[in-house]
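Given next are the chains, with one letter for each unit.
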Amino acid sequence: MASTRHFLTLLDFSPAELNAIIARAIAMKAEHRAGTDQRSFPGKVLGMIFAKSSTRTRVSFEAGMTQLGGHAMFLSPNDTQLGRGEPIEDSARVISSMVDIVMIRTFGHDIVETFAAHSSVPVINALTDDYHPCQLLADMQTYVEHRGSIAGKVVTWVGDGNNMAQSYINAARQFDFELRIACPEGYDPSPDLLTANRDRVSIVRDPLAAAAGANLVVTDVWASMGQEAEQQARETAFSGYQINAELMSHADADALYMHCLPAHRGEEISAELMDAADTVIWDEAENRLHAQKALMETLLLAAG
């Protein structure tokens, strides 16, 4: 089991491997649009374990595995022993003996780490409270499609220091860009992550200053899943931390802005930007499908 490759954070792949996945995702997107038959994994089964609700993650993985010729199996805590206290180690051993690849969307990052440690097949982190690496593959694919390489560019994160912000810290390291994080005090990402990447990641409290000359500006909802009770307090804390036309006017003239969705128009991003004709947010959402197909192909080929 030691040789089984997993994708729990962006650090599980080398920069060269990540760039190869992005290139493959772009190629697979073109193939898909051309009507090319991509069913190269007939009979393969993807186990999809969801402890958190989802739209884009479920649709993209399920559609993607079907397009690859395999089958995707939806598993929720309500329908399996995972929700009734079976140890993660036991579930991992059993599920991985019956499927070819697993994706997990859950709360604690330790859950996917424990599952992967006891799985005989590749495990993909489809979101935890700490990281959302699949979204970063889609975001990087989107930037490359519209602007070319992101290496050496400036990326500004505006909002909560959440799992997306922390994945952007890893992305800064792996894709070689500078990251400025604009968040109010008390909402910083992991101090250990910040320290480990201080050569290319900085906290800039003023969103307008953080956006100055940026090539990409990114945000997410102020209250993530499980934080709904904090919504009102967070609205107060994040007042002024909105991506809008004023903030984008400080960024590079060719800058893109992204949002992993779902979005709260008028909170973390203005309705004007969400509905703009030239937004890449919908490309970004679609690219979850193509980036994850390239990722699954890579892992399945590596697994033999």
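All values reported here derive from a predicted model rather than from experimental measurement.

Caption draft 1: Seen up close, the environment of Tyr-257. Here Tyr-257 lies in strand β9 (residues 256-259). Sequence separation between Tyr-257 and Leu-216 is 41 residues, and the spatial gap between their C-alpha atoms is 5.6 Å. From its side chain, Tyr-257 meets the backbone oxygen of Leu-273 in a polar contact 2.5 Å long.

Caption draft 2: Focus on unusual backbone geometry. Across the junction of Leu-261 and Pro-262, the peptide omega takes the value 0°, indicating a cis bond. A positive phi angle is found at Leu-261, which is not glycine, with a value near 70°. With respect to the element layout, Leu-261 can be found in the loop between β9 and α11 (271-274).

Caption draft 3: Region of the structure containing the sheet that holds strand β7 (residues 201-203). If you walk across this open sheet you meet the five strands as β7-β6-β5-β8-β9, and the pairing is parallel. Every interior strand has two partners, whereas the edge strands, β7 and β9, have only one. Taken over all neighbouring pairs, the strand axes of this sheet differ in orientation by 20° on average, direction set aside. Contacts from helix α6 (residues 163-175) reach β5 (154-158), β6 (178-182), β7, β8 (216-219) and β9 within the one sheet, and its direction differs from that of β6 by about 160°.

Caption draft 4: Representation of the domain arrangement of the protein. Domain boundaries in the protein define domain 1 (6-132 + 288-303) and domain 2 (135-284). Taking the mean C-alpha position of each, domain 1 and domain 2 sit 25 Å from one another. Summing both partners gives a buried area of about 2300 Å² for domain 1 against domain 2, and 61% of it is carried by carbon and sulfur. Summed over the shared surface of domain 1 and domain 2, the result is one salt bridge. For the salt bridge of Glu-145 with Lys-29, the shortest nitrogen-to-oxygen distance reads 3.2 Å. Summed over the shared surface of domain 1 and domain 2, the number is eight residue pairs in polar contact (both at pLDDT 80 or more). Listing elements by their share of the side of domain 1 that touches domain 2, those giving two or more residues are α1 (15-33) and α12 (281-303).

Caption draft 5: Quick peek at helix α2 (residues 56-67). Taking 1.5 Å per residue, twelve residues should reach 16 Å; α2 reaches 16 Å between its end C-alpha atoms and fits that length. Thr-57, Ser-60, Phe-61, Gly-64 and Met-65 are the residues of α2 that are buried. Angularly, the buried residues of α2 cover 115° about the axis, an arc narrow enough to put them on a single face. Against β1 (45-50), β2 (71-75), β3 (101-105), β4 (123-125), α5 (133-147) and α12 lie the buried residues of α2. Just downstream of α2 lies Gly-69, where phi reads positive at about 95°.

Caption draft 6: Structural view of α5. An ideal rise of 1.5 Å per residue puts 21 Å on 15 residues; α5 measures up with 21 Å between its terminal C-alpha atoms. Of all 15 residues that make up α5, eleven are buried, and the element is covered over most of its length. When we look at burial in α5, the residues that qualify are Pro-133, Cys-134, Gln-135, Leu-136, Leu-137, Ala-138, Asp-139, Met-140, Gln-141, Thr-142 and Tyr-143. Where α5 ends, the next residue or the one after it, Gly-148, has phi of about 85°, a positive value.

Cut-offs and rules
Starting afresh in each chain, residues are numbered from 1 along the sequence in its written order. Reporting of local features is limited, given that this is a predicted model, to residues whose pLDDT is at least 70; pairs of side-chain atoms are given and counted only at 80 or more, and all residues count toward the totals for whole chains, interfaces and linings. Think of the side-chain values as coming from all heavy atoms in the structure, minus any hydrogens and water. By definition, any uninterrupted DSSP run of H or I lasting at least four residues is a helix, any uninterrupted run of E lasting at least two residues is a strand, and each is numbered from the N terminus. Polar contact is defined as a pair of N or O atoms within 3.5 Å, subject to the rule that within protein one atom must be able to donate a hydrogen and the other to accept it, and that residues adjacent in sequence are counted only when both atoms are side-chain atoms. Any two strands between which DSSP finds at least two bridges are classified as paired. Comment: axis = line fitted to C-alpha atoms, over the contacting stretch for helices; angle = value between 0 and 180 degrees taken between N-to-C directions. Whether two residues are in contact is decided by their heavy atoms: any pair within 4.5 Å suffices. Domain segmentation is taken from an automatic or database assignment of domains. A 1.4 Å probe defines the accessible area here, and the buried area is the portion of it lost by two parts on being joined, summed over both. A carboxyl oxygen of Asp or Glu within 4 Å of a side-chain nitrogen of Lys or Arg is what we treat as a salt bridge. Helix span, expected: 1.5 Å multiplied by one less than the number of residues in the helix. Only protein chains enter the calculation, and the probe is 1.4 Å; a residue is then buried if its accessible area is under 20% of its type maximum, exposed if over 50%, and partly exposed in between. The arc in question is traced by the directions running from the helix axis to the C-beta atoms.

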